[in-house]
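Coordinates in review
Chain residues, written in single-letter form:
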Amino acid sequence: MIIDILTIFPGYFESPLKESLLGKAIEKSILTIRVHNIRDYATDRHKTVDDRPFGGGAGMVMKLEPLVNALESLQQEEPQGFVVLLTPQGRLFNQRTARDWSNKKRLILICGRYEGIDDRISHFINEEISIGDYILSGGEAAALVVIDAISRLIPGVVGNKESVDTESFELGLLEYPQFTRPRVFRGIKVPDVLLSGNHQAIKQWRFHQAILRTKKRRPDLFKKLPPDIKKGFNSLEGTRNIE
Ligand code: ADE
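A brief structural summary. Here the structure is a predicted model, which means the values were calculated and not measured.

Moving on: the overall build of the protein. The number of helices and strands found in the protein is 9 helices and 9 strands. Computed over its C-alpha atoms, the radius of gyration of the protein comes to 23 Å, more than 25% above the 18 Å expected for a compact globule of 243 residues. Here the C-alpha coordinates of the protein stretch approximately 70 × 45 × 35 Å along the principal axes. Counting all 243 residues of the protein, 40% fall into the buried class. As presented, the protein carries roughly 14,600 Å² of accessible surface, and 52% of it is formed by carbon and sulfur atoms. Across the protein, the 35 positively charged side chains and the 31 negatively charged ones have centroids separated by 9 Å.

The subject of this paragraph is the pairing of strand E2 (residues 32-37). As judged from the 6 bridges shared by strand E1 (residues 2-7) and E2, these two strands associate in the parallel manner. Residue Leu6 lies in a different strand from E2, and its bridge partner there is His36. A crossover links E1 with its parallel partner E2, the connecting element being helix H1 (residues 20-27), and its sense is right-handed.

Among the 13 residues in the neighbourhood of the ligand, the closest are listed as Thr87, Ile131, Gly132, Tyr134 and Leu136. Contact between the ligand and Thr87: a nitrogen atom at 3.2 Å from a main-chain N or O atom of the residue. Measuring from a nitrogen atom of the ligand, one finds a backbone N or O atom of Leu136 at 3.0 Å. If the ligand stood free it would expose 260 Å²; the protein chains cover 97% of that surface. Taken together, the elements giving at least two residues each to the shell around the ligand come down to strand E5 (82-92), strand E7 (127-130) and helix H4 (139-151).

Another aspect to go through is the layout of surface pockets. In this structure, the largest pocket encloses a volume near 600 Å³. Around the largest pocket sit 18 residues that line it, and Asn94, Gln95, Arg96, Phe169 and Leu221 are the ones nearest its centre. Where the lining of the largest pocket is concerned, the elements lending two or more residues are helix H3 (95-101), helix H6 (168-171) and helix H8 (219-223). A per-class count over the lining of the largest pocket returns 7 nonpolar, 4 polar and 7 charged.

We now examine the packing of helix H7 (residues 199-217) against helix H9 (residues 227-236). Relative orientation of the contacting elements H7 and H9 amounts to 105°, with a least axis distance of 10 Å. Compared by their axis directions, H7 and H9 come out roughly perpendicular. Side by side, H7 and H9 meet where Gln204, Phe207, His208, Ile211, Leu212 and Lys215 of the first sit next to Ile229, Phe233 and Leu236 of the second. Residues belonging to the contact of H7 with H9 are distributed by class as follows: 6 nonpolar, 2 polar and 1 charged.

Cut-offs and rules
Residues numbered from 1 in each chain as written. Predicted model: local features only at pLDDT ≥ 70, side-chain atom pairs only at ≥ 80, totals over all residues. Heavy atoms only, no water. Helix = DSSP H or I, 4+ residues; strand = E, 2+ residues; numbered from the N terminus. Rg over C-alpha atoms; globule rule 2.2 N^0.38 Å. Buried < 20%, exposed > 50% of the residue type's maximum accessible area, 1.4 Å probe, protein only. Areas by Shrake-Rupley, 256 points an atom, 1.4 Å probe, with all protein chains shown as cover. Lys, Arg positive; Asp, Glu negative; His and termini not counted. Charge placed at Lys NZ, Arg CZ, Asp CG, Glu CD. Pairing = 2+ DSSP bridges. Right-handed = clockwise from strand over helix to strand, strands pointing away. Near = heavy atom within 4 Å. Polar contact = N/O pair within 3.5 Å; in protein donor to acceptor, adjacent residues only side chain to side chain. 1 Å grid on protein atoms, 1.4 Å probe; cavity = no way out; pocket = protein on both sides within 12 Å on 5 of 7 lines; lining within 4 Å. Points joined across faces, edges and corners; volume = space filled by probe spheres on them. Nonpolar A, V, L, I, M, F, W, Y, C, P; charged D, E, K, R; others polar. Axes fitted to C-alpha atoms, helices over the stretch in contact; angles between N-to-C directions. Parallel < 35°, antiparallel > 145°, perpendicular 65-115°, else oblique. Contact = heavy atoms within 4.5 Å.

By themselves, these observations are geometric and do not establish any function.
So, in structure tokens, the structure goes:
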């Protein structure tokens, strides 16, 4: 997969793209990430990327010309990129979108800055995406979140495919609790069932814990679970030691 990032802060991406799974995926050429400075596509003498808003008001607005120049230049290459603008006004990003986009050959991510972008950008992009209901100082951190979530779904990026496929959000559940040695830490014990060696009981306990956590912490997700999962859960309620 190729991901092109359009930003006025290209340096922002230097270190994160070298680290961890992302760094390895880039090294293995499973993923190619190219960072482009929007300012390089400004045509005036001062390389202007922002201007005052029509109608007045505080702050500056990102101009269209450098952005559209950049997009048109990038889209001369094949395969065509799916163009995404990172903005708090966008549709909420989630695991389903990550899964969907991980199948694309090429993505172009535009990082918004300042008080926003000239709204006519909507004519030149495919989607506007927000990573959550809070305001970041720009789309750069959001772009990194999106890249991280997508790239770990590309075959070969995460070593253990099962660990991705059985993850909480793939099933609409939060993750069950995990434990490692020591068995007792400052008097706090690991649940007995995990030391029992009974794989069937462990599997059932974990599933139950995942549902229980989801119900307690994310009632919005719990509501959306298929009825048979909720039914199975209700029949187990009260029969196990739970959180
Ligand atoms: N830019 C600023 N805040 C953002 C958010 N929450 N999601 C995506 N892009 C943003």
